[in-house]
Amino acid sequence: MTHITSSDHFLGMAGTQRQQSIRKALRALAPGIPLADAQAVVALAERRHMKDLPPTTALWLALGSHVRHVHTDYEHLLADGYDREAARFFVVDDTDAVLAGWGCQRSVADLPELEEDAVRTRISRS
C-alpha cells in the first residue's frame, strides 16, 4: 500500500498556493494516509463549495467526510433510515480509529462545530 509519505508526484508542491497549503496540511495532519485516500481527500478539499474556507479547515472537513463515507458504516446507517446526525454519532469511534491509524491526533467530534463555523463563513461572504 502506498502512503502519503511516498515520493509520488502528487506530493510535490506544484499547483496553486491553496493546493500547496491543502497538501501541506494533509501531510501534517495524517502523515500515514494511503495515497489513494490522500488524493480523494485533496480533491474534496479543493471543491468549489470549500474555496471560501481556509485551506486547513477545508482539508479537515474533507478528511472527516471521506473517512466517514468510505471507511465506516455511515452510508449503511443512512440507508437503514438513520438521520445524518445519528449516523455520524454511531461512526465517530470508527472514524477516529481510521484517522489514528493514519497518524492523526484530532477527533471528528470536533467536526460539527467546525462545520457550523464554515457555514457562517460562507454566509458572511455571500
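Everything numeric here is computed off the predicted structure, so don't read it as measured data. Throughout, residues of each chain are indexed from 1 in the direction in which the sequence is written. For this predicted model, a pLDDT threshold of at least 70 governs which residues receive local features, and a threshold of 80 or more governs which side-chain atom pairs are given and counted, while totals over whole chains, interfaces and linings are taken from all residues. Each side-chain value is derived from all of the structure's non-hydrogen atoms; neither hydrogens nor water enter the calculation.

Caption draft 1: Region of the structure containing the overall build of the protein chain. Here a helix means four or more residues in a row that DSSP labels H or I, a strand means two or more in a row labelled E, and each is numbered from the N terminus. Each helix and strand counted, the protein chain has six helices and zero strands in total. For the protein chain, restricting intrachain contacts to residue pairs at least 6 apart in sequence, the fraction spanning at least 24 positions comes to 62%. Each accessible area value is a Shrake-Rupley result obtained with a 1.4 Å probe; residue values ignore everything except the protein chains displayed when judging cover. Taken as a whole, the protein chain presents about 7,300 Å² of accessible surface, with 52% of it coming from carbon and sulfur. In what follows, residue pairs with any heavy atoms lying within 4.5 Å of each other are defined as contacts.

Caption draft 2: Layout of the packing of aromatic side chains. Each Phe, Tyr or Trp ring (for Trp, its six-membered ring) is paired with any other whose centre lies within 6.5 Å, and the angle between the two planes then decides the class: stacked below 30 degrees, edge-to-face above 60, tilted in between. In the structure shown here, the tally under the stated rule is two aromatic pairs. Judged by centre distance (5.6 Å) and plane angle (75°), the rings of Tyr 82 and Phe 90 are edge-to-face. Of the residues examined, Phe 90 reaches a relative accessible area of 48% and is grouped as partly exposed. Each member of the aromatic cluster is reached from another via a ring pair, and the members are Tyr 82, Phe 89 and Phe 90. A ring has a charge above it when a Lys NZ or an Arg CZ is no more than 6 Å from the ring centre and no more than 35 degrees off the ring normal. Above the face of the Tyr 74 ring, Arg 68 is positioned so that its terminal group lies 5.3 Å from the ring centre. Lying over the aromatic face of Trp 60, Arg 106 brings its terminal NZ or CZ to 4.3 Å of the ring centre. Here's how the labels work: a residue is buried when its accessible area is under 20% of the maximum for its type, exposed when over 50%, partly exposed in between, all with a 1.4 Å probe on protein chains only.

Caption draft 3: Representation of the environment of Ala 25 within the structure. Within the secondary structure layout, Ala 25 lies in helix α1 (residues 17–29). Classification of Ala 25 by relative accessible area gives buried; the value is 14%. For the pair Ala 25 and Thr 57, spaced 32 residues apart in the sequence, the C-alpha separation amounts to 9.5 Å. What Ala 25 contacts, discounting residues up to four positions off in sequence, is Thr 56 and Leu 59.

Caption draft 4: Expanded view of the confidence of the model for the protein chain. Per-residue confidence for the protein chain averages 85 on the pLDDT scale, and 77% of its residues sit at or above 70. The pLDDT value expresses, per residue, how confident the predictor is, ranging between 0 and 100. Within the protein chain, helix α6 (residues 111–125) has the poorest average pLDDT of any element, 59, and helix α4 (residues 74–79) the best, 98. A low-confidence stretch, residues 4–9 stays under pLDDT 50, and its non-local contacts, those more than four residues away or across chains, total 14 contacts.

Caption draft 5: Structural context of helix α3 (residues 55–71). Between the first and last C-alpha of α3 there are 23 Å, a value that for 17 residues agrees with the 24 Å anticipated at 1.5 Å per step. Those residues of α3 that fall on the buried side of the exposure criterion are Thr 57, Ala 58, Leu 59, Trp 60, Leu 61, Ala 62, Leu 63, Gly 64, His 66, Val 67 and Arg 68. Helix span, expected: 1.5 Å multiplied by one less than the number of residues in the helix.

Caption draft 6: Main features of a nonpolar patch on the surface. Nonpolar side chains collect at one region of the surface, where Tyr 82, Phe 89 and Phe 90 lie side by side and expose about 360 Å² of accessible area between them. Looking at where Phe 89 falls in the secondary structure, it is placed in helix α5 (residues 84–101). Any residue with relative accessible area above 30% and no salt bridge may belong to a patch, with like charges joined within 9 Å and the nonpolar Val, Leu, Ile, Met, Phe, Trp and Tyr side chains within 5 Å. Every case where a carboxyl oxygen of Asp or Glu lies within 4 Å of a side-chain nitrogen of Lys or Arg is listed as a salt bridge.

Caption draft 7: A look at the side chain of His 66. Relative to the helices and strands, His 66 is located in helix α3. By relative accessible area, which is 8% here, His 66 ends up buried. Setting aside chain neighbours within four positions, we find His 66 in contact with Asp 37, Ala 40, Val 41, Leu 44, His 71 and Trp 102.

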